[in-house]
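# Notes for the structure review
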Amino acid sequence: MMQTNNIYDIIIKNFMSKRDNIMSDKQTKEKWETPKYSKSEINKTGSIIADETSTMEERNQALVILNNWRASHAYPLQVITSNLHSKNPNAIVVQRLKRLDSITGKIKRFPDMNLYRMQDLGGCRVIVDTIDEVYAAIDQYKNSRIRHILKKEYDYIKNPKLSGYRSYHMVYQFHSDKNDTFNKNMLIEIQFRTKLQHIWATAVEMMGIYTKSNLKSSQGNADILRFFTLVSSIFAIQENMPVSPNTSDWMDELIKEIKLLDDKYNIIYTLSSLNVAIDYATTSKDKHNKKNLYYMLILDYEKKIVHIRSFMPNDIEIATRIYSEIENKSDSNVVLVSATSFETLKAAYPNYFVDISKFVDTLRNMIQKLSHI
């Protein structure tokens, strides 16, 4: 384990010391953040963040409200993710609270967006092997005895986005018959995807970090974006599904264009050469319980280090506060997620471990096989 003394550990230590002062050692249940602000206050917050003329004082207060609203999604997210995991024991099932820079970036791109109705502040993902398993998992969940309300669904597998993004999304409004605290338009987005679709999405995100551009939102070098759209199409053909819009559905034409772009930008080599050091610190409690932890992943790509800090389930409230503090005080790419094991975490978030070898190997093998090299 790498020994560090950085801003992340200082923030965590300060918050955990406060936690020890206010929480009993006997407290073992999660303490969840609850919504404290009205619909109008939350929506006003979105407007303040989108407005470049807002004062620092206005923005700071807006962030307090935004952070509470986001953190309040942790409990509904946990309930839905646990249900999905029980129904899909052989799948990779993980959850995350949306990163602050992703929230503010989305609001700035869409100034009229209603923060109260943002559908992916809390998101969970189910990753399976095949297309058939994707649709079987979807049908099983939709036909189960859940009380949550299906608000929207998008099939980006049968209808890929222009970028080549492929996944199946469902947005549920959380509802509990037993506790009305979180029945306040808490929207949770569920993504169902195959492993092939997943390694494509994580490679796009990793290349975006490397090029310092938001490729996942189709912002950045047009040729690099085109490269990933083409790769998505050959992956789609491999899964017998529709290709991305504005691309050929002939494998040889796709491979030819991919190779031309790769020759120009060395994209495959660049992806294969990315690496970071892993700084993973655990607490004494973690050593006795390696399952169902919350993990904070902090990717400092400038220093080539990913810091991993884990939290027990009963520390979720303090973890969400630490999450917000680190976002406010650093430029690192940070996310708070939950996974049933460390191996599941690595499989679900290879971009944070800068491990996209599966994407590179799969693509190289396909190109070699299909171009008869």
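Residues numbered from 1 in each chain as written. Predicted model: local features only at pLDDT ≥ 70, side-chain atom pairs only at ≥ 80, totals over all residues. Heavy atoms only, no water.

Attention now goes to the side chain of Arg193. Residue placement: Arg193 occurs in strand β5 (residues 187-194). Despite being buried, Arg193 has no salt bridge partner; Glu205 is the closest side chain of opposite charge, sitting 7.3 Å away. When sequence neighbours within four positions are dropped, the list of residues in contact with Arg193 reads Arg125, Val126, Ile127, Val128, Val134, Tyr165, Ser167, His198 and Ala201. (Helix = DSSP H or I, 4+ residues; strand = E, 2+ residues; numbered from the N terminus. Buried < 20%, exposed > 50% of the residue type's maximum accessible area, 1.4 Å probe, protein only. Lys, Arg positive; Asp, Glu negative; His and termini not counted. Salt bridge = Lys/Arg side-chain N within 4 Å of Asp/Glu carboxyl O. Contact = heavy atoms within 4.5 Å.)

Core analysis: the largest hydrophobic core is formed by 118 residues, its most contacted members being Phe192, Phe228, Leu297 and Phe359. If one sorts the elements of this core by residue count, helix α7 (residues 195-211) sits on top with 9 residues. Non-local contacts of Phe228, meaning those with residues more than four positions away in its chain, are made with Ser163, Trp200, Ala203, Val204, Met207, Ile267, Leu271 and Phe359. (Core = buried A, V, L, I, M, F, W, Y, C linked by side-chain atoms within 4.5 Å.)

A grouping of Asp51, Glu52, Glu57 and Glu58 is seen on the molecular surface, where their side chains present a negatively charged patch. Considering the arrangement of structural elements, one finds Glu58 in helix α3 (residues 56-71). Classification of Glu58 by relative accessible area gives partly exposed; the value is 39%. (Patch = residues over 30% accessible without salt bridge, like charges linked within 9 Å, V, L, I, M, F, W, Y side chains within 5 Å. Areas by Shrake-Rupley, 256 points an atom, 1.4 Å probe, with all protein chains shown as cover. Charge placed at Lys NZ, Arg CZ, Asp CG, Glu CD.)

Another aspect to go through is the pattern of salt bridges. Note that side chains of opposite charge can pair when their charged atoms are close. Across all of its chains, the model carries 19 salt bridges by this definition. The closest approach of N and O atoms between Glu153 and Lys142, which form a salt bridge, is 3.0 Å. Of the two residues, Glu153 is situated in strand β3 (residues 149-155) and Lys142 in helix α6 (residues 131-142); the sequence distance between them amounts to 11 residues. Here the salt bridges do not stand alone but share partners, grouping Glu33, Lys36, Glu317 and Arg321 into one network.

Let us now look at a positive patch on the surface. On the surface, Lys39, Arg117, Lys151 and Lys152 cluster together into a patch of positive charge. With relative accessibility at 55%, the residue Arg117 sits in the exposed group.

For the protein, the average pLDDT comes to 88, and 91% of its residues sit at 70 or higher. Overall, residues 24-28 carries pLDDT values under 50, and its contacts beyond four positions in sequence, including any with other chains, amount to 2 contacts. Across residues 283-289, where pLDDT falls below 50, the model places 7 contacts with residues more than four positions away in sequence or in other chains. (pLDDT = per-residue confidence, 0-100.)

On to the side chain of Lys106. With respect to the helices and strands, the residue Lys106 is situated in helix α5 (residues 100-109). Taking the relative accessible area as the measure of exposure, Lys106 reaches 17% and is therefore buried. Sequence-distant contacts of Lys106, that is, excluding residues within four places in its chain, are made with Lys98, Met113, Met118 and Asp120.

Turning to empty space enclosed by the protein, a few remarks are in order. Considering all chains together, one arrives at 1 cavity of 30 Å³ or more under this definition. Approximately 40 Å³ is the volume found for the largest cavity. Lining the largest cavity are Ala74, Leu77, Gln95, Arg96, Leu97, Tyr294, Ile316, Leu336, Val337 and Ser338. Of all the secondary structure elements, the ones that give two or more residues to the lining of the largest cavity are α4 (74-87), β1 (92-97) and β9 (333-339). The residue makeup of the lining of the largest cavity, split by class, is 7 nonpolar, 2 polar and 1 charged. (1 Å grid on protein atoms, 1.4 Å probe; cavity = no way out; pocket = protein on both sides within 12 Å on 5 of 7 lines; lining within 4 Å. Points joined across faces, edges and corners; volume = space filled by probe spheres on them. Nonpolar A, V, L, I, M, F, W, Y, C, P; charged D, E, K, R; others polar.)

Between the first and last C-alpha of helix α11 (residues 316-329) there are 20 Å, a value that for 14 residues agrees with the 20 Å anticipated at 1.5 Å per step. Here α11 lies mainly inside the structure; 10 of its 14 residues are buried. Three or more residues of α11 are buried, namely Ile316, Glu317, Ile318, Ala319, Thr320, Ile322, Tyr323, Ser324, Ile326 and Glu327. (Expected span 1.5 Å × (residues − 1).)

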